[in-house]
Amino acid sequence: MREANVMGVSFEQSGTDYRFSVTLLHDDDGEDGYANWWVVESLDGTELGKRELLHAHSTQEFTRSETISIPEGTTCVVVRGHDQTHGYGGQAMLVNLETGATRAVEQGAEPQSFADATC
């Protein structure tokens, strides 16, 4: 759990705006770095919105929310965590905006496309 792992995602829709609530888990203790943001992207890796995190949250899960505009016709997004020490890595979450279903996926240390993924 050294990376910023996305443990859960929920959302509420209002038009093309979505209020995402993202739960992260990151082992912050003893590191200079911490989980510093999470991001919502289209499956091809286009950033749609980001929530900055300003301080460490220790070793327990925490949830933060942000409202993000999603392009019309988008049915699936990926939510990724990021930390100051490791960058990307750990668990990301695919989110189906039509059904609310989520699916955990392992991401690498570098951003990757999920264009071939299904939600």
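Just above, that's the structure.
All figures in this text were calculated on a predicted structure; none of them were measured in a lab.

Chemist: I tried to follow the nonpolar core on my own but got confused; where do I start?
Modeler: Most often, soluble globular proteins keep nonpolar side chains buried together rather than apart. If you look at the biggest cluster of nonpolar residues, it comprises 19 residues, and the most contacted ones within it are Phe-20 and Trp-38. For this core, the secondary structure elements donating two or more residues are strand S1 (5–14), strand S2 (17–25), strand S3 (35–42), strand S5 (62–69), strand S6 (76–83) and strand S7 (91–96). The dominant element in this core, judged by the number of residues it contributes, is S2, at 4 residues. With sequence-adjacent residues up to four places away left out, Phe-20 is seen in contact with Val-9, Ser-10, Phe-11, Trp-38, Val-40, Arg-64, Ser-65, Glu-66, Ile-68, Ile-70, Val-77 and Leu-97.

Chemist: Explain the environment of Ala-4 here, please?
Modeler: Following the sequence through the fold, Ala-4 ends up in the segment before S1. Judged by relative accessible area, which is 1%, Ala-4 ranks as buried. Expressed as a C-alpha distance, the spacing of Ala-4 and Gly-90, which sit 86 residues apart in the sequence, is 6.5 Å. Leaving out residues up to four positions away in the same chain, Ala-4 has contacts with Leu-25, His-26, Ala-35, Gly-81, His-82, Asp-83, Gly-89 and Gln-91.

Chemist: Help me understand the state of the cysteines in this model?
Modeler: What is meant by a disulfide is a covalent connection between two cysteines, made through their sulfur atoms. The tally for this structure, following the rule as stated, stands at 1 disulfide. Paired by a disulfide, Cys-76 and Cys-119 hold their sulfur atoms 1.4 Å apart. Here the residue Cys-76 occupies a position in strand S6, and Cys-119 occupies one in the segment after strand S8 (102–106), the gap between them amounting to 43 residues.

Chemist: Hey, could you run me through the packing of aromatic side chains in this one?
Modeler: Working definition: an aromatic ring pair is given by the centre-to-centre distance plus the angle between the planes. Taken as a whole and judged by the stated rule, the model has 4 aromatic pairs. Ring geometry for Phe-11 versus Phe-20: centroids 6.0 Å apart, planes at 45°, classification tilted. We classify Phe-20 as buried; its relative accessible area is 0%. Over the ring of Trp-37 we find Lys-50; its NZ or CZ atom is 4.1 Å from the centre of that ring. Arg-80 extends its terminal NZ or CZ atom over the ring of Tyr-88, reaching a point 5.7 Å from the ring centre.

Chemist: Got a minute to help me understand the sheet that holds S2 in this structure?
Modeler: Within a beta sheet, neighbouring strands are joined by backbone hydrogen bonds and run either parallel or antiparallel to one another. Spatially, S1-S2-S5 is the arrangement adopted by the 3 strands of the open sheet, whose pairing is antiparallel. Strands at the two margins of the open sheet, each flanked by one partner only, are S1 and S5. Direction aside, the axes of adjacent strands within the sheet are offset by 20° on average. Where S2 lies against S5, 8 bridges are found, and the strand directions are antiparallel. Counted as the bridge partner of Phe-20 is Glu-66 from S5.

Cut-off values and rules
- Residues numbered from 1 in each chain as written.
- Predicted model: local features only at pLDDT ≥ 70, side-chain atom pairs only at ≥ 80, totals over all residues.
- Heavy atoms only, no water.
- Core = buried A, V, L, I, M, F, W, Y, C linked by side-chain atoms within 4.5 Å.
- Buried < 20%, exposed > 50% of the residue type's maximum accessible area, 1.4 Å probe, protein only.
- Helix = DSSP H or I, 4+ residues; strand = E, 2+ residues; numbered from the N terminus.
- Contact = heavy atoms within 4.5 Å.
- Disulfide = S-S within 2.5 Å.
- Phe/Tyr/Trp six-rings, centres within 6.5 Å; stacked < 30°, edge-to-face > 60°.
- Lys NZ or Arg CZ within 6 Å of the ring centre and 35° of its normal.
- Pairing = 2+ DSSP bridges.
- Axes fitted to C-alpha atoms, helices over the stretch in contact; angles between N-to-C directions.

Distances and angles like these do not, on their own, reveal function.
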